[in-house]
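Below, each chain spelled out in residue letters.
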Amino acid sequence: MPHRYFPHTPDDIAQMLKSCGASELDDLFCDIPAELRLKGGYRLPGAMSEPEVKAELDKAFSKCTPLACFAGAGAYNHYTPEVIPALTSRSEFLTAYTPYQPEISQGTLQYIFEYQSMISRLTGLDVTNASMYDGATATAEAMIMALNATRKKRRILISSTVNPEVAAVVNTYAHYQNIPVEVIPQKDGVTDRAELEMMLGAGDVAGVIVSSPNYYGILEDYSGYAEKIHEKKALFIINSPAIALGVIKSQGEWGADIAVGDAQSLGMPLNYGGPYLGYMSCTNALMRKLPGRIVGATTDADGQRVFVLTLQAREQHIRREKATSNICSNQGLMTLHAAIYMSLMGTKGLEEVNRLSCNAAHYLAEKLEETGKVRLSHPAQPYLNEFKITVKDPLTTSALLEALKKEGILGGVAVDENEMIVSCTELTTPQLIDKYVTTVKSL
């Protein structure tokens with residue numbers, strides 16, 4: 001099928017195929033199973049007018065049933081204040097490009113600076129960049145930072161309680177750079193400290209990656225971890241959802257060198273998986289290793305306070321294999337979203353969102369256990385707004401989720417056929433909780 005905006009001639013395409021060792025275009029898709037490939041034309045209707053297209057889309061959307069969300073595991077259903085889309089959609093803000101020219105980019109530079117300042121307050125660390133694509137890529141970039149900072153050391157240790165999707169991205173980064181990543185076992189839902197110390201004792205560790213709240217929603221206790229890790233000249237990396245830092249002990253308070261995580265919880269709509277925003281903070285000693293962008297405040301020739309990209313040259317990120325990082329595009333629009341949300345909520349607002357979420361989660365967990373159909377998988381462990389349950393035989397997680405779906409509820413995230421993760425936010429009302437519990441009780 002010809003594409004009017006693709007300028008390549010058949011000779012151009014033949015030369016490109018030869019350069020990459022392929023004989024025909026289909027060779028480029030050989031990794032995709034044949035049964036998954038499109039074999040005919042696109043199933044699209046003919047040309048329509050604008051009202052007809054809108055009517056067709058409305059018809060399609062009417063088939064979608066909105067579900068009350070109790071799913072989490074890294075993406076959370078928080079409220080988005082209406083002022084945020086109103087401001088972020090303004091023409092002077094609606095860009096994701098890096099503001100290289102400070103003379104015409106003061107507004108963009110200022111909100112990035114404000115974002116960095118607020119995230120640094122949350123993480124308790126000295127410097128924050130702007131910005132990562134999501135929490136998973138931020139964690140993978142932290143791994144690279146640890147290797148660059150410790151130089152000759154190569155091993156990375158990652159807790160088995162880190163979100164599997166985050167761990168998968170870390171492993172993808174590591175695979176193509178021949179970095180050995182080893183998994184620290186868990187014990188009762190938290191990182192096994194004894195195993196970690198034994199693995200550290202084997203030497204050659206550049207960094208240790210953990211999370212709190214972890215994949216199961218548990219708030220892990222990292223007392224003494226920093227000392228043990230730093231004794232071995234390794235870096236301590238903690239992944240946390242941004243909103244939880246409004247009430248839990250920050251990464252800086254735990255003695256971490258690098259703080260990473262997803263900022264989607266700062267009022268960003270779930271939106272089928274994106275765009276989201278990864279945050280990344282570190283100590284002053286590591287700021288030259290930070291990927292992404294850093295905005296600083298200074299004064300101009302007239303003595304006015306102004307903002308400018310600082311500490312890093314643009315070329316630091318675009319020198320191919322010599323680059324410290326290949327993340328060089330800026331998630332500027334989502335940085336703005338997070339900055340507006342945090343400025344609207346303030347310290348008390350973040351505390352209130354976490355309080356409501358925490359109360360809802362604990363109330364739901366208590367009521368679910370009273371049904372006799374499920375139990376908390378880790379009853380001795382503290383949690384904030386998310387917890388893991390084990391369903392009792394003969395009930396299975398798939399059967400439970402299906403029953404809840406029929407009642408208009410997205411019940412959680414299945415871990416396996418016996419366990420699932422359930423999440424609550426400030427949008428989880430008592431009425432929704434009662435409906436959830438009634439459905440479980442009826443099974």
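Model, not experiment: these values are computed from the prediction.

A. Expanded view of the sheet that holds strand β4 (residues 181-184). With mixed pairing, 7 strands are arranged side by side in an open sheet as β2-β10-β9-β8-β7-β3-β4. Each edge of the sheet is formed by a strand with only one pairing partner; in this case those strands are β2 (127-128) and β4. The pairing of strand β7 (residues 205-211) with strand β8 (residues 235-239) spans 5 bridges and is parallel. Bridging from a neighbouring strand, Ser211 pairs with Asn239 of β8. Here helix α4 (residues 106-123) sits on the sheet in contact with β2, β9 (258-262) and β10 (278-282), set at roughly 70° to β10.

B. Structural context of the nonpolar core. Counting residues in each nonpolar core, the largest one holds 33 residues, and the members touching the most others are Tyr115 and Leu266. Looking at this core, the elements with two or more residues in it are α4 and α10 (332-370). When sequence neighbours within four positions are dropped, the list of residues in contact with Leu266 reads Ile119, Ala242, Ile243, His337, Ala338, Tyr341, Met342 and Leu350. Grouped together as the second largest cluster of nonpolar side chains are 32 residues, Ile209, Leu235, Leu286 and Ile327 included.

C. Summary view of the pairing of strand β17 (residues 419-423). Among the 5 residues in β17, 5 count as buried, and that is most of the element. Burial along β17 is two-sided: the face carrying Glu419, Ile421 and Ser423 and the face carrying Met420 and Val422 are both buried. Direction of pairing for strand β14 (residues 386-391) relative to β17: antiparallel, over a ladder of 5 bridges. Paired with Phe387 across the strands is Val422, a residue of β17. Summarising the sheet, strand β16 (residues 413-414) and β17 pair through 2 bridges and their orientation is antiparallel. Of the residues in β17, the one forming a bridge with Ala414 is Met420. Connecting the antiparallel pair β16 and β17 is a turn made up of 4 residues.

D. Expanded view of the packing of aromatic side chains. For the coordinates displayed, the defined rule picks out 8 aromatic pairs. With a centroid separation of 5.5 Å and 55° between ring planes, the pair formed by Tyr215 and Tyr216 is classed as tilted. Of the two residues, Tyr215 and Tyr216, both sit in the buried class. Taking 6.3 Å as the distance between ring centres and 25° as the angle between the ring planes, the aromatic pair formed by Tyr225 and Phe236 counts as stacked.

E. Layout of the sheet that holds β16. The strand order across the open sheet built from 4 strands is β13-β14-β17-β16, with neighbouring strands paired in antiparallel fashion. For this open sheet the edge positions go to β13 (374-376) and β16, each flanked by a neighbour on one side alone. Across 3 bridges, the pairing between β13 and β14 is antiparallel. By the bridge assignment, Leu376 is partnered in β14 with Ile389. Along the sheet face, helix α11 (residues 397-406) touches β13, β14, β16 and β17 and points at about 35° away from the line of β17.

Calculation criteria
- Residues numbered from 1 in each chain as written.
- Predicted model: local features only at pLDDT ≥ 70, side-chain atom pairs only at ≥ 80, totals over all residues.
- Heavy atoms only, no water.
- Pairing = 2+ DSSP bridges.
- Helix = DSSP H or I, 4+ residues; strand = E, 2+ residues; numbered from the N terminus.
- Contact = heavy atoms within 4.5 Å.
- Axes fitted to C-alpha atoms, helices over the stretch in contact; angles between N-to-C directions.
- Core = buried A, V, L, I, M, F, W, Y, C linked by side-chain atoms within 4.5 Å.
- Buried < 20%, exposed > 50% of the residue type's maximum accessible area, 1.4 Å probe, protein only.
- Phe/Tyr/Trp six-rings, centres within 6.5 Å; stacked < 30°, edge-to-face > 60°.

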